[in-house]
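Below are the chains, spelled out letter by letter.
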Amino acid sequence: MPSGSSSGRLLPESLRGRKRLDDRRVLNGIVWKFRTGTAWRDVPERYGPWATLHTRFRRWAADGRFDRMLRAAQAATSHFGVPDSSHLDVTCLCCPGRRDGDVK
């Protein structure tokens, strides 16, 4: 993803103090945690310390940052004609059956 992309504008900037852990790396760690369903302590170290991931998740959830990211992603894809999840019907993909009704 290019550095000038819209997600870069949605993540906070470090203005003072100690150098922050890369926000994109932290965001990837948060996504990994929820995709796998694992505990915070079990997130791989490549995403940074688990306590940092958890703290940023709580802070970003409280200030509405995830909602803003989702709205920006939806707005970015809407003009390309990409459907959101409300337009998808995956019934035929999840439950394939035989036309003759025979189940093997």
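As shown above, the structure is provided for reference.
Residues numbered from 1 in each chain as written. Predicted model: local features only at pLDDT ≥ 70, side-chain atom pairs only at ≥ 80, totals over all residues. Heavy atoms only, no water.

Draft legend 1. Spatial organisation of helix α3 (residues 50-62). Here α3 is 13 residues long and its end C-alpha atoms lie 18 Å apart, about the 18 Å a rise of 1.5 Å per residue gives. Every buried residue belonging to α3 is among Leu53, Arg56 and Trp60, and all of these are buried. Summarising the axial view, the buried residues of α3 lie within an arc of 70 degrees, below the 170-degree limit, and thus occupy one face. Buried positions along α3 lie against α2 (23-36) and α4 (65-78). Positive phi appears at glycine 64, one or two residues downstream of α3, with a value of about 85 degrees. (Helix = DSSP H or I, 4+ residues; strand = E, 2+ residues; numbered from the N terminus. Expected span 1.5 Å × (residues − 1). Buried < 20%, exposed > 50% of the residue type's maximum accessible area, 1.4 Å probe, protein only. Arc of directions from axis to C-beta. Contact = heavy atoms within 4.5 Å.)

Draft legend 2. Inspection of the side chain of arginine 56 at higher detail. Inspection of the secondary structure puts arginine 56 in helix α3. Relative accessible area serves as the criterion here: at 6%, arginine 56 is assigned to the buried category. Beyond its immediate stretch of four places on either side in the chain, arginine 56 contacts Arg20, Leu21, Asp22, Asp23 and Val26.

Draft legend 3. Region of the structure containing the packing of aromatic side chains. Summed over the entire model, instances satisfying the criterion amount to six aromatic pairs. Counting every residue linked through ring pairs, the aromatic cluster contains Phe34, Trp40, Phe57, Trp60 and Phe66. Its guanidinium or amino end placed over the ring of tryptophan 40, lysine 33 lies 5.2 Å from that ring's centre, counting from NZ or CZ. (Phe/Tyr/Trp six-rings, centres within 6.5 Å; stacked < 30°, edge-to-face > 60°. Lys NZ or Arg CZ within 6 Å of the ring centre and 35° of its normal.)

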